[in-house]
Amino acid sequence: MSENLLIVNGNELISDAFYKTPAFTNSEGVFVNGVYGGIFKLISILKTSEYKALSISFSEECGNERLKPQILKFKEIIEAKGQGEIPVTKELLESLENALKDLSPSGEVKGASFDMTLKVTSDLNEVEALFETKSDRAAFYFLTDIGDFLGLGISFDGSNVTYIPVENFITADYLGKKLSILSERMSLCSFDIKESYKYFEPSEFANRTYGYKDEDVSGNKCFDVLIGAYLINPLKNDYEPWDVAKEYLKLTLPKRADLFGKEPLANADIKVLSEYASKIAYICFNAEPLIRAKLAKTGMERLMYNIEMPLSYILYSMEKEGIIVKRDELKAYGDKLLVRIDELEKAIYEAAGIEFNINSPKQLGEILFEKLGLPAEKKTKSGYSTAADVLEKLAPEHKIVADILEYRGLTKLKSTYADGLAAYIADDNRIHTSFNQTITATGRISSTEPNLQNIPMRTELGRLIRKVFVPKDGYVFADADYSQIELRILAHMSEDKGLIEAYHEGKDIHRITASKVFHVPFEEVTSLQRRNAKAVNFGIVYGISAFGLSQDLSISAHEAKEYMEKYFETYPGVKKYQEDVIASTKAKGYSETMFGRRRPVPELKASNFNLRQFGERVAMNAPIQGTAADIMKIAMIDVFFKLKELSLKSKLILQIHDELVIETAPDEVDTVTKLLVEEMEKAVTLSVPMEVDCHIGSDWYEAK
DNA sequence: GCGATCAGCGG
DNA sequence: GACTCGCTGATCGCC
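Residues take numbers from 1 onward in each chain, read along the sequence in its written order. Both sets of labels track the order of writing: A upward for chains, 1 upward for ligands. Thresholds applied to this predicted model are a pLDDT of at least 70 for local features of residues and 80 or more for the giving and counting of side-chain atom pairs; totals over whole chains, interfaces and linings are not thresholded and use all residues. No hydrogens and no water enter the side-chain calculation; it runs on all heavy atoms of the structure.

## Here we look at the overall build of chain A
Counting secondary structure elements, chain A contains 27 helices and 22 strands. Taking the principal axes of the C-alpha coordinates as reference, chain A spans close to 85 × 70 × 60 Å. Buried residues in chain A amount to 52% of all 704 residues. Should any heavy atoms of two residues lie within 4.5 Å, those residues are considered in contact. By sequence separation, contacts in chain A at least 24 residues apart represent 69% of the contacts at least 6 residues apart. Carbon and sulfur atoms make up 51% of the accessible area of chain A, which amounts to about 32400 Å² in all. By the counting rule applied here, Lys and Arg register as positive and Asp and Glu as negative, while His and the ends of each chain are not counted. Taken as the charge location is NZ of Lys, CZ of Arg, CG of Asp or CD of Glu. When the 87 basic and 107 acidic side-chain charges of chain A are each reduced to a single mean position, those positions are 2 Å apart. Working definition: helices are DSSP H or I runs of at least four residues, strands are E runs of at least two. Numbering for both runs from the N terminus. Buried residues are those whose accessible area, probed at 1.4 Å on protein chains only, stays under 20% of the maximum for their type, while exposed residues exceed 50% and partly exposed ones sit between those limits. Using the Shrake-Rupley algorithm and a 1.4 Å probe, accessible areas are obtained, with residue cover drawn only from the displayed protein chains.

## A look at the sheet that holds strand β16 (residues 469-470)
Sheet strands pair by backbone hydrogen bonding; their relative direction is either parallel or antiparallel. By definition, two strands form a pair when at least two bridges between them are found by DSSP. Strand order in the open sheet formed by 3 strands is β13-β10-β16, and the pairing between neighbours is antiparallel. Edge strands, defined here as strands with exactly one partner in the open sheet, are β13 (430-431) and β16. For strand β10 (residues 323-325) and β13, the ladder comprises 2 bridges, and the chain directions are antiparallel. Within β13, the position partnered with I323 by the bridge is I431.

## Side note on the nonpolar core
Residue types Ala, Val, Leu, Ile, Met, Phe, Trp, Tyr and Cys, when buried and joined through side-chain atoms within 4.5 Å, form a set referred to as a nonpolar core. The biggest cluster of nonpolar side chains holds 189 residues, and the ones touching the most others in it are I154, L179, V244, F469 and Y482. With sequence-adjacent residues up to four places away left out, F469 is seen in contact with I323, I324, V325, L421, L452, I455, F477, D699 and W700. One finds L6, V35, I43 and L67 within the second-largest nonpolar core, a separate group that totals 23 residues.

## Remarks on the sheet that holds strand β22 (residues 692-697)
Taken in spatial order, the 4 strands make up an open sheet running β20-β21-β17-β22, and their pairing is antiparallel. Of all strands in the sheet, those with a lone pairing partner are β20 (651-655) and β22, marking the two edges. Taken pair by pair, the neighbouring strands of this sheet meet at an average axis angle of 20°, ignoring direction. Alignment of strand β17 (residues 476-482) against strand β21 (residues 659-664), held across 6 bridges, turns out to be antiparallel. Considered in β21, the bridge of D479 is made with V661. Where helix α26 (residues 669-682) meets the sheet, its contacts fall on β17, β21 and β22, and the angle it forms with β22 comes to roughly 155°. Lines fitted to the C-alpha atoms define the axes, with helices restricted to the stretch that makes contact. Angles between their N-to-C directions range from 0 to 180 degrees.

## Concerning the protein's contact with DNA strand C
Contacts to DNA strand C come from 25 residues, most closely from N357, S360, S446, E449 and L611. Throughout, the term near means that a residue has one or more heavy atoms lying within 4 Å of the molecule or strand in question. At the protein interface, 78% of the atoms of DNA strand C within 4 Å belong to sugar or phosphate. The definition of a polar contact used here is a pair of N or O atoms within 3.5 Å, where within protein one atom must be able to donate a hydrogen and the other to accept one, and adjacent residues in sequence count solely through side-chain atom pairs. Within the side chain of N451, an N or O atom sits 3.4 Å from a sugar or linking oxygen of DNA strand C. Only α14 (361-371), α16 (399-422), β15 (446-448) and α25 (609-645) provide two or more residues apiece to the surface near DNA strand C. Ranked by the residues each element gives to the surface near DNA strand C, the list is headed by α25, at 4 residues. Each residue receives one of three labels: charged for Asp, Glu, Lys and Arg, nonpolar for Ala, Val, Leu, Ile, Met, Phe, Trp, Tyr, Cys and Pro, and polar for the others, Gly being one of them. The residue inventory of the surface near DNA strand C, partitioned by class, reads 6 nonpolar, 16 polar and 3 charged.

## So, the packing of helix α20 (residues 509-517) against helix α21 (residues 527-542)
Where α20 meets α21, the axes come as close as 8 Å, and the angle between the chain directions of the two elements is 105°. Between α20 and α21, the angle falls in the class roughly perpendicular. Facing α20, whose interface residues are H510, R511, T513 and A514, α21 presents Q529, R530, A533, K534 and N537. Throughout this description, any angle smaller than 35 degrees is read as roughly parallel, any larger than 145 degrees as roughly antiparallel, any in the 65 to 115 degree range as roughly perpendicular, and the remainder as oblique.

## Quick word on the environment of H519
Mapping H519 onto the fold places it in the loop between α20 and α21. Note on H519: relative accessible area 67%, which makes it exposed. Sequence-wise, H519 and A423 are 96 residues apart; in three dimensions their C-alpha atoms are separated by 53 Å.

## What to know about the packing of aromatic side chains
Note on ring pairs: Phe, Tyr and Trp rings are taken, using the six-membered ring of Trp, and paired if centres are within 6.5 Å. Classes follow the plane angle, with under 30 degrees stacked, over 60 edge-to-face and the rest tilted. Counted by the stated rule, this structure contains 18 aromatic pairs. Taking 4.8 Å as the distance between ring centres and 25° as the angle between the ring planes, the aromatic pair formed by F205 and Y313 counts as stacked. A residue pair is termed long-range when its members are at least 10 positions apart, and F205 in helix α7 (residues 203-206) and Y313 in helix α12 (residues 301-321) qualify at 108 residues. Residue classification places F205 among the buried residues on the basis of a relative accessible area of 2%. Note on Y313: relative accessible area 10%, which makes it buried.

So this is what it looks like as structure tokens:
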């Protein structure tokens with residue numbers, strides 16, 4: 001018997017594999033190369049030998065902080081199979097192989113392949129018959145190219161895939177309608193499903209008139225593989241179908257760019273197109289159950305089914321509505337800037353005694369610090385820093401500096417906003433941004449092409465750009481924003497008595513904080529004290545360091561540290577909360593929002609000090625930012641479907657993190673204002689009141 | 001034509 | 001390995 005027993009030192013096995021296997025993380029961002037390599041070796045030994053039983057021992061010692069969690073993970077996996085001598089059975093081998101799959105290496109696993117039969121058809125009878133297929137679910141991929149729908153890949157069983165080109169009477173509308181009808185009797189799955197809503201409206205949204213519901217989970221609903229994969233690993237950027245295939249199915253799919261390059265898809269061979277679309281449908285069908293299971297296991301079902309999926313439909317609707325931008329006024333604004341830019345340009349050349357490219361930090365640095373001999377303070381990788389904070393300190397030294405700063409500000413407005421936005425105004429005089437749901441690590445939405453979430457606000461001249469954003473004729477904007485949502489969430493999550501009380505007093509929170517931190521009566525707080533308190537509040541919310549705060553306030557790191565310490569003396573609950581949250585994040589490997597959204601923080605276990613500090617700030621910050629994002633998403637769902645329930649003409653068109661903009665019909669102003677404030681405030685109940693401010697205006701400048 | 005670098009906007 | 005992040009625009013060196 002003893003000759004048939006394989007005795008393994010678990011620590012050595014994993015340690016050995018750890019150093020031999022290139023480092024990679026699993027889908028949750030946790031390093032698992034050692035576990036992977038170890039199990040791989042174990043399987044190959046067991047398969048090529050006659051051992052009848054297996055015994056693995058572990059010792060407590062392990063000094064390597066990166067290695068230790070991997071040994072523990074391996075121990076966990078092994079102990080789930082049994083204690084002491086574990087019989088080597090077929091089941092054991094299978095479960096080890098499954099464990100290997102779960103670890104999701106970045107490399108490929110042998111043996112996996114497409115098991116797909118592809119059929120291409122344009123025959124109406126065949127297509128009609130196809131949509132009568134009996135199944136409880138289907139996966140599809142609507143192949144698009146610059147807004148044109150080229151064809152549909154669809155599968156009802158995960159092995160037979162049909163590709164239907166959009167041609168003749170089989171139009172995109174027709175196929176979309178077929179999908180809509182199909183969604184009444186089965187769950188449909190796709191990748192980046194928002195892109196198919198132009199033609200396809202899932203029945204659960206077509207008829208929906210209620211907002212967010214806690215208990216609504218799952219059922220026969222649409223499922224987006226991309227969003228699911230993002231929730232499980234929000235750190236990965238640019239999820240392509242290819243990545244999901246590799247991560248969940250160990251399959252290799254050529255990237256879109258590799259297949260088609262930059263050629264328009266319409267020019268591509270039908271065979272290549274059909275294979276590409278069909279493979280994505282195949283991937284979706286087969287990855288869906290794995291992703292659903294993982295979401296269930298990680299407690300993110302509500303997030304997926306009740307928040308993100310309805311949200312993707314809403315984001316589509318907002319993109320489609322768009323926002324009117326007055327072309328001529330934007331042009332006039334740009335021309336006005338140009339006059340002053342030209343003046344400044346001349347003045348700068350004269351002061352420098354030479355014409356050069358002011359927009360080139362390299363040339364500007366040479367002029368300022370070499371030709372004019374100004375004191376160079378900070379350096380960048382490739383030369384002098386000419387950043388605004390550096391120049392501001394130099395302003396008294398030479399009159400050219402102020403002009404450069406003004407020039408910078410104006411050219412920024414001109415190029416990014418005046419000219420930049422103009423390029424996106426469509427034929428309907430509206431800008432249709434893209435809201436991206438699967439980019440940020442914390443759960444926030446992002447906006448691109450153009451980014452409408454960073455329209456100037458802080459300076460008056462910049463802010464004026466908002467005047468060109470207008471509602472349609474006769475309508476107005478209703479603009480509602482949460483007042484200090486992150487700080488309120490911090491108060492709630494930290495349960496800090498002082499902070500909670502401060503919010504119940506309903507007075508200026510930064511002033512209260514300053515009063516407490518600097519031990520002065522509320523009325524006697526100076527504007528500088530208030531500004532400092534506000535900066536600390538801000539820093540806490542955005543997870544910046546004492547160093548970052550010192551940069552922000554232009555004070556020494558020492559002073560900044562003192563402010564932070566005073567802040568923590570004032571709100572000890574916040575300090576305690578942050579310590580607890582770092583500890584639990586370190587233990588779990590991820591941080592969590594109130595709604596269970598996760599953010600892996602592998603940096604917390606790093607040996608590099610800076611990296612670990614970064615991890616700590618992320619761990620403190622992600623639950624706050626992420627919870628704010630969750631709450632806003634819930635509010636959007638509530639608001640959107642409330643508008644629909646009441647059959648209002650007013651439309652939700654923008655989201656800027658803590659702010660919503662509704663293009664509002666004149667006869668609906670009162671209803672919409674009340675609805676916005678109510679739904680946003682009641683999206684969640686915290687131990688502090690939620691406060692929403694709503695303004696009405698005939699343009700975005702006025703409404704804000 | 002492309003990617004790296006610097007700069008600056010918002011929440 | 002730096003100090004928030006995501007986005008965009010201008011420049012510049014590289015192929």
